[in-house]
Amino acid sequence: MITLELSGVNKIYSGAYQTQVLFDINLSFEAKTCSAIVGESGSGKSTLMNIMGILDTPTSGEVTIASNLVSRMNRKQMAEIRNRTIGFVFQFHYLLPEFTVLENVLIPHLIHNRSQSGQVLNRARNLLDIVGIAKLEKRLPTQISGGEQQRTAIARALMNNPSIILADEPTGNLDSVTTQNVCRLFGEIKKEFNTTFIVVTHDRTVASHTDRIVEVRDGRIISDKLNTKTVPETE
Amino acid sequence: MLPLKIATRFLKSGKGQTALIVFGIAIAVSVQIFVGLLIIGLQLSLVNSTIGNQPQITIRPAGDNNTIKNWEIIVNQVRNVDGLDKISVTAAGNASVPDDNGILPILVQGFDFQSADRIYGISESIYQGKQIQSLKQVLIGRSLEEELEVEIGDKLPILTPDGGVNLFEIAGFYDLGIESINRSWVITNLVAAQRLFGYRDRVTEIIMTVDQDRLFDADRIAARIQQAVNSEDIEVTNWKDQNEELLSGLEGQSISSGVIQGVVLASVVVAISSVLSITVLQKSRQLGILKAMGITDRDASLIFVFQGLLIGLIGATVGIAMGLGLLYAFNTFTSSAEGTALIEIYIDYNFIIRSWVIAISSSTLAGLIPARRSLKLNPVDVIREG
């Protein structure tokens, strides 16, 4: 089943000069698969991810998420899809410094629910346990390391049990050992949560942990193939 | 509720900035409370000293009549009019008393002493002698006493316009605090005055006061009295008709107080809006990620509205406490050596509550400006900038 699809997507930034950053992109992602979008800096891969995450809109073309056509949604519906269907992990963790680690994980739930039940609290604690930082739940983001911050961001992305996780350079800001740990964590999460994983990265090591590698150059897809080095997950 | 929780955390995270803006609002509200209550106190003491110990509504004979007949019926008709406090009657007439240089014009006021005393506070104002005990006794004011150089127990001849001369005994001297009254009023018993001027059982005025908090409604109450009596033989006047200068003075004070309060309020709104607008910039990262996580435009805006509300709530409450403190301090430091206050403090709870609600509402409204700015914030810009 296809969970995310882009058809004929173009993106043109207009200003003093018009710049086209994406050219006629056609891509679809099967549910419960793990894919990497790789490319050099400036290749358009982050713009692609922003469009897939409905953070940005294409100049032309269509995006379909979980059978919903994005162009037909209003702002409120888009916000709801971002909250319930998509989990984001960014290069910079973007945790809210005013909230503790546990509260940061709970925020996606609280955005659309007025209160949290004991069950929800247990889920957040369980997620922190899975990412290995259960003991840090009362700390503020400024009181933990970069790797721990990124783990918190991953737990937060999983909070609403989204069907898609979009990760933009999730290890771009981490050292090589922490990068390995985060990649291993992604693998474990994928197995446990059966989520569609899409990782945008320029790091081939990170991409090698996925089932499919899509390469983007100058706004165009130049290759799209299964990663034979890893054993693809079967449903 | 997440927006409220985020608003609280945003305010707590910038403690110095929050404290500064709360202090700013508190100062503004305290000025508003101080100036407002001072002017209200000033106006009340001015009104009290001018019309406090006087009738505020008077029924007089109209047309060619000099007296009011059947006044007992009228008194019964108006007794139940809403807002009316005390009622009395008087039979007054012009007369004169002889002095060394000729004669002095006076006004004989024949009171139903018990009820008139509650309006004028006559017995309290007697500084020498005692109240009238018989129909042949009078009270005279301080100025007239000095003019005539008389003593308690002296006989005072009163000359009526018809040429009659009646001898009265001076029972006491009063001081009602108003020079013109102290000079001209010779106070006697109602029946004595009726006999003196040949009014039979009629009176010349029905005098009334209104409830203390309805002073400025005197014109409306007077209109209701006119309606209740519904007679062309009488006319109803009230203190507002007779004190236009005082009223315009009071109005001027109210306007200047309003202008001061308006300017203070406007500065509060501008200050809060500008500080919260800076917050939008300071917290753009957090807002961007919240939007990426699916917070709705409405909830994102509510964060700033709640910040305005919280700041206003604390600032206005602290401001009222500071304003009252300032007022009491002012009252203490400006008191005379005997402890008499320069201006009597009047705590107008309605004014305080109104100021509190207005400050909080303005502060909340001020939050709408940054809230609108937050709508324009695009999460992609924040994420791209890192």
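Another aspect to go through is the overall build of chain B. Scanning chain B from N- to C-terminus turns up 16 helices and 10 strands. The C-alpha radius of gyration of chain B comes to 32 Å, more than 25% above the 21 Å expected for a compact globule of 386 residues. Along the first, second and third principal axes, the C-alpha set of chain B runs to 105 × 50 × 30 Å. The buried share among the 386 residues of chain B stands at 38%.

Next up on the list: the overall build of chain A. Looking only at helices and strands, chain A has 7 helices and 10 strands in total. Compactness check: chain A gives a C-alpha radius of gyration of 17 Å against a globular reference of 18 Å for 235 residues, within 12% of the reference. Reported as C-alpha extents along the three principal axes, the dimensions of chain A are approximately 45 × 40 × 40 Å. Here chain A holds 235 residues, and the buried ones make up 46% of them.

Below, the discussion takes up the sheet that holds strand S8 (residues 196-201) of chain A. Residue and element names in this part refer to chain A. Taking strand neighbours across the sheet as the criterion, the 6 strands line up as S6-S7-S8-S3-S9-S10 in an open arrangement whose pairing is mixed. This sheet does not close on itself; its edge strands, each paired only once, are strand S6 (86-89) and strand S10 (220-226). Taking each pair of neighbouring strands and ignoring which way they run, the sheet shows an average axis angle of 15 degrees. Pairing analysis gives 5 bridges linking strand S7 (residues 164-168) to S8, with the strands arranged parallel. What sits directly across from Leu 166, in S8, is Ile 198.

A few words now on helix H1 (residues 2-13) of chain B. A rise of 1.5 Å per residue sets the reference length of H1(B), with its 12 residues, at 16 Å; its end C-alpha atoms lie 16 Å apart and thus fit the reference within 8%. Among the residues of H1(B), B:Leu2, B:Pro3, B:Ile6, B:Ala7, B:Phe10 and B:Leu11 are the ones counted as buried. Each buried residue of H1(B) lies within a common arc of 165 degrees when the element is viewed along its axis, so the set occupies one face. Those residues of H1(B) that are buried are in contact with helix H3 (101-112) of chain A together with helix H2 (15-52), helix H11 (244-282) and helix H13 (297-333) of chain B.

Another aspect to go through is the interface of chain B and chain A. Taken together, the contact between chain B and chain A spans 18 residues of the former and 22 residues of the latter. Counting only elements with at least two residues in the side of chain B that touches chain A, the list comes to H1, helix H12 (284-292) and helix H16 (379-385) of chain B.

Quick look at the nonpolar core now. Within the largest apolar cluster, 105 residues are counted, with the highest numbers of intra-cluster contacts made by A:Ile37, A:Met52, A:Val105, A:Leu128, A:Leu166 and B:Ile25. No other element matches the 13 residues that H13(B) contributes to this core. With near-sequence residues (within four places) excluded, A:Ile37 lies in contact with A:Lys45, A:Leu48, A:Met49, A:Ile198, A:Val200, A:Val214 and A:Val216. Core analysis: the second largest hydrophobic core is formed by 53 residues, B:Ile119, B:Ile140, B:Ile170 and B:Ala193 among them.

Looking now at the sheet that holds strand S4 (residues 60-65) of chain A. Residues and elements named next belong to chain A. Spatially, the 4 strands line up as an open sheet ordered S2-S1-S4-S5, and their pairing is antiparallel. Strand pairing shows two members of the sheet lacking a second neighbour, strand S2 (19-30) and strand S5 (68-69), which therefore form its edges. Relative to S2, strand S1 (residues 2-13) runs antiparallel, the two sharing 8 bridges. The partner of Leu 4 across the bridge, within S2, is Phe 29. Contacts between helix H1 (residues 45-52) and the sheet are confined to S1, S2 and S4, with S1 contributing the most and set at about 125 degrees to the helix.

Below, the discussion takes up the domain arrangement of chain B. When its domains are assigned, chain B resolves into domain 1 (2-49 + 246-385) and domain 2 (57-241). Here the C-alpha centroids of domain 1 of chain B and domain 2 of chain B sit 52 Å apart.

Residues and elements named next belong to chain A. With 6 of 6 residues buried, S8 lies mostly within the body of the structure. Side chains Thr 196, Ile 198 and Val 200 project from S8 onto one buried face, and the interleaved Phe 197, Val 199 and Thr 201 project onto a second face that is buried too. As paired strands, strand S3 (residues 34-38) and S8 are joined by 5 bridges and run parallel to one another. Across the sheet, the residue bridging to Ser 35 is Ile 198, located in S8.

All names here are of chain B. Of all the 5 residues making up strand S8 (residues 185-189), 5 are buried; the element is thus mostly covered by neighbouring parts of the structure. For strand S3 (residues 102-111) and S8, the ladder comprises 5 bridges, and the chain directions are parallel. Looking at S8, one finds that Leu 107 is bridged to Trp 185.

Bringing the packing of H2(B) against H13(B) into the picture now. Residues and elements named next belong to chain B. Closest axis-to-axis distance for the H2/H13 pair is 6 Å, and the angle between their directions is 45 degrees. In this view, H2 runs oblique relative to H13, as classed from their interaxial angle. The interaxial crossing formed by H2 with H13 has right-handed handedness. When its residues are assigned to classes, the contact of H2 with H13 shows 19 nonpolar, 6 polar and no charged.

All names here are of chain A. A positive phi is found at Asn 161, a non-glycine position, where the angle reads about 50 degrees. As for its placement among the helices and strands, Asn 161 is situated in the loop between helix H5 (146-158) and S7. Residue Asn 161 is classed as partly exposed on the basis of its C-beta count, with 15 C-beta atoms lying within 10 Å.

This part covers the environment of A:Asn113. All names here are of chain A. Within the fold, Asn 113 resides in the loop between H3 and helix H4 (118-130). For Asn 113, a count of 13 C-beta atoms within 10 Å translates into the label partly exposed. The spatial distance from the C-alpha of Asn 113 to the C-alpha of Phe 29 is 29 Å, given a sequence separation of 84 residues.

Residues and elements named next belong to chain B. Taken residue by residue, helix H8 (residues 190-197) has Leu 190, Ala 192, Ala 193, Leu 196 and Phe 197 as its buried positions. The buried side chains of H8 occupy one side of the element, clustering within an arc of 160 degrees when seen end-on. Elements in contact with the buried residues of H8: strand S2 (84-99), S3, strand S7 (165-174) and S8.

Scoring rules and cut-offs
Residue numbering note: each chain is counted from 1, following its sequence as written. The naming scheme follows written order: chains are lettered A onward, ligands numbered 1 onward. Predicted model: local features are reported for residues with pLDDT of at least 70 only, side-chain atom pairs are reported and counted for 80 or more only, and whole-chain, interface and lining totals are derived from all residues. Each helix corresponds to a stretch of at least 4 residues labelled H or I by DSSP, and each strand to a stretch of at least 2 residues labelled E; elements are numbered beginning at the N terminus. Values of the radius of gyration come from C-alpha atoms, whereas the globule rule sets the reference at 2.2 Å times the count of residues to the power 0.38. Put simply, a residue is buried when 20 or more other C-beta atoms lie within 10 Å of its own C-beta and exposed when 12 or fewer do; between those, it is partly exposed, and each C-beta is set from the backbone. DSSP bridges decide pairing: two strands pair if at least two such bridges lie between them. An axis is simply a line fitted to the C-alpha atoms; with a helix, the fit covers only the stretch in contact. Between two such axes, the angle follows the N-to-C directions and lies from 0 to 180 degrees. A helix's residues, less one, multiplied by 1.5 Å, set its expected span. By construction, the arc corresponds to the directions joining the helix axis to the C-beta atoms. Two residues qualify as being in contact provided that their C-beta atoms, derived from the backbone, are within 7 Å of each other. Each nonpolar core consists of buried Ala, Val, Leu, Ile, Met, Phe, Trp, Tyr and Cys residues. Their C-beta atoms, within 7 Å, join them into a set. Residue ranges assigned to each domain were obtained from an automatic or database domain assignment. We call two directions roughly parallel when the angle between them is under 35 degrees, roughly antiparallel when it is over 145, roughly perpendicular when it lies between 65 and 115, and oblique otherwise. With the far helix as reference, a near helix turned anticlockwise by less than a right angle produces a left-handed crossing, and one turned clockwise produces a right-handed crossing. Polar here means any residue other than Ala, Val, Leu, Ile, Met, Phe, Trp, Tyr, Cys and Pro, which are nonpolar, and Asp, Glu, Lys and Arg, which are charged; Gly is therefore polar.

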